[in-house]
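Geometric and topological summary
Residues per chain are reported as follows:
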Amino acid sequence: GQSLEQPSEVTAVEGAIVQINCTYQTSGFYGLSWYQQHDGGAPTFLSYNALDGLEETGRFSSFLSRSDSYGYLLLQELQMKDSASYFCAGNSGSARQLTFGSGTQLTVLP
Amino acid sequence: NAGVTQTPKFQVLKTGQSMTLQCAQDMNHNSMYWYRQDPGMGLRLIYYSASEGTTDKGEVPNGYNVSRLNKREFSLRLESAAPSQTSVYFCASIGGAGETQYFGPGTRLLVL
């Protein structure tokens, strides 16, 4: 099966850089995704890594190392609106199912 | 283009009552999913449908049934609701060659 571990909370100040780590144990896993969820809202897709290395999308970057069963989401130039929960999720199966970690609550302080 | 829609937005049930949560997508996606999210936790997959006419169990299927009515619609049924099913339920879909799942706004269910 799959399990993904990530820190429960992270706090940073506006304009800073923050890294949210995700370690996983999985079988049949072919990629790692990241989703953002604001309080009470629907999760929204941020990034996906199928291969080792860094993927960059604007202020957000995501990294994957398959040999270390590890990934991270990097958020740069933090803004107040980045305060949200961030989930890593393992991609598996022919139907591209997701298994989610428990989420990291990011608080951005002024 | 509404994306993924879910009804109802909020529901209160008594233990033992039944109900169906509705989900529809207008993006012509093949695969659809039902998740539940409990407070402070990640989403857990209940059931999924890789394509019209097929459904499969996810991580937490007990107490639920699903129907993939057509390509657009995927419903989740609770036959006899229990307090442990109090949760927020999200429907999602995916299409094309990408890995992006698109989520609906959720249904907040309280079982008393």
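Residues numbered from 1 in each chain as written. Chains lettered and ligands numbered in written order. Predicted model: local features only at pLDDT ≥ 70, side-chain atom pairs only at ≥ 80, totals over all residues. Heavy atoms only, no water.

Quick notes on unusual backbone geometry
For the peptide bond that leads from T7(B) to P8(B), omega is -5 degrees, which places it in the cis range. Tracing the backbone shows P8(B) in the loop between β1 (4-7) and β2 (10-13). The backbone of S69(A) shows a phi angle near 50 degrees, a positive value even though the residue is not glycine. In this structure, S69(A) sits in the loop between β7 (60-65) and β8 (70-75). For S69(A), a relative accessible area of 25% translates into the label partly exposed. (Helix = DSSP H or I, 4+ residues; strand = E, 2+ residues; numbered from the N terminus. Buried < 20%, exposed > 50% of the residue type's maximum accessible area, 1.4 Å probe, protein only.)

A look at the sheet that holds strand β3 (residues 18-25) of chain A
All names here are of chain A. Across the sheet, 5 strands lie side by side as β1-β3-β8-β7-β6; this open sheet has antiparallel pairing. Every other strand in the sheet has two partners, leaving β1 (3-5) and β6 (53-57) as the edge strands with one partner each. Each strand of the sheet is rotated relative to its neighbour by a mean of 20 degrees, with strand direction disregarded. As judged from the 3 bridges shared by β1 and β3, these two strands associate in the antiparallel manner. Bridge pairing in β3 places E5 opposite T23. (Pairing = 2+ DSSP bridges. Axes fitted to C-alpha atoms, helices over the stretch in contact; angles between N-to-C directions.)

Side note on the sheet that holds strand β7 (residues 64-68) of chain B
Residues and elements named next belong to chain B. Read across the sheet, 4 strands follow the order β1-β3-β8-β7 without closing on themselves; strand pairing throughout is antiparallel. Since the sheet does not close on itself, it has two edges, and those belong to β1 and β7, each with one partner. On average, each strand axis in the sheet is inclined to that of its neighbour by 20 degrees, with strand direction left out of account. Note that β1 and strand β3 (residues 19-25) share 4 bridges and pair antiparallel. Looking at the pairing, V4 lines up with Q25 of β3.

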